[in-house]
Amino acid sequence: MRIVQATLEHLDLLTPLFVKYREFYNELPYPESSRKFLEKRLRRKESVIYLALADDEDKLLGFCQLYPSYSSLSLKRVWILNDIYVAEDARRQLVADRLLQTAKKMARDTNAVRMRVATSRDNEVAQKVYESIGFVEDEQFKNYVLPIHVD
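Values in this document were obtained by computation on a predicted structure and should not be read as measured data.

Cut-offs and rules
- Residues numbered from 1 in each chain as written.
- Predicted model: local features only at pLDDT ≥ 70, side-chain atom pairs only at ≥ 80, totals over all residues.
- Heavy atoms only, no water.
- Helix = DSSP H or I, 4+ residues; strand = E, 2+ residues; numbered from the N terminus.
- Rg over C-alpha atoms; globule rule 2.2 N^0.38 Å.
- Buried < 20%, exposed > 50% of the residue type's maximum accessible area, 1.4 Å probe, protein only.
- Contact = heavy atoms within 4.5 Å.
- Areas by Shrake-Rupley, 256 points an atom, 1.4 Å probe, with all protein chains shown as cover.
- Salt bridge = Lys/Arg side-chain N within 4 Å of Asp/Glu carboxyl O.

Participant: Residues and numbers for the overall build of the chain, please.
Facilitator: When helices and strands are counted, the chain shows four helices and five strands. Overall, the chain shows an N-to-C arrangement of helices and strands of β-α-α-β-β-β-α-β-α. Taken over C-alpha atoms, the radius of gyration comes to 16 Å for the chain, in line with the 15 Å a tight globule of 151 residues would show. Burial statistics for the chain: of 151 residues in total, 35% are counted as buried. Pairs at least 24 apart in sequence give 59% of the contacts found in the chain among residues at least 6 apart. Carbon and sulfur atoms make up 50% of the accessible area of the chain, which amounts to about 10,500 Å² in all.

Okay, structure coming up:
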């Protein structure tokens, strides 16, 4: 397995797995909108996407997408690990671990103060993977969400 940073040339490979990721979280697939969304992020350099590719072919095993943010208190960069997904037939092959280790290295290389991630309360598999590479549950701050709906 090799990890590469996604470029616009990877859109055809990435989009179908991104759609499966959305479906995993019970969202409608919207393949064209998903592709446009990813294209905008890459074109505008608004996110960093890492791809886990099979060694012998251009088969996508998984991906993660990170967004930059900043901490006013520490005066440093923060990376938000917003999306991570491993293809069903590639699970239990340490794909998520390799993606997370790559993201962690990038965070260090950019002098980030931390990386943040959120997952479903019942997604125990993801929680164990995150904890295995050093993520700890935030006990200092309670997070809130303000839904903004477009009618």
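Okay, back to it.
Participant: Give a description of the pattern of salt bridges that names residues and reports values.
Facilitator: Applying the stated criterion to the full structure yields seven salt bridges. One salt bridge connects Asp109 with Lys105, and the closest N-O pair in it is separated by 2.7 Å. One end of the pair is Asp109 and the other is Lys105, both in helix 3 (residues 95–109) and four residues apart, which spans about a single turn. Assessed through its relative accessible area of 51%, Asp109 is described here as exposed. Lys105 sits in the partly exposed class, given a relative accessible area of 49%. Where Arg116 meets Asp138, a salt bridge forms, and the shortest distance between an N and an O atom there is 3.8 Å. Taken together, the residues Arg116 in strand 5 (residues 114–117) and Asp138 in the segment after helix 4 (124–132) connect sequence positions 22 residues apart. Salt bridges here are not isolated pairs; linked through shared partners, they connect Arg41, Arg44 and Glu46.

Participant: Provide a residue-level description of the environment of Tyr70, including the pertinent values.
Facilitator: Along the polypeptide, Tyr70 turns up in strand 3 (residues 60–71). In sequence terms Tyr70 and Arg114 are 44 residues apart; their C-alpha atoms lie 9.5 Å from each other.

Participant: Residues and numbers for unusual backbone geometry, please.
Facilitator: Although it is not a glycine, Asn26 adopts a positive phi angle of roughly 65°. The exposed category is assigned to Asn26, whose relative accessible area is 72%. We note that Leu94 has phi near 65°; this positive angle belongs to a residue other than glycine. Looking at the element boundaries, Leu94 is found in the loop between strand 4 (76–86) and helix 3. Overall, the relative accessible area of 59% leaves Leu94 in the exposed class.

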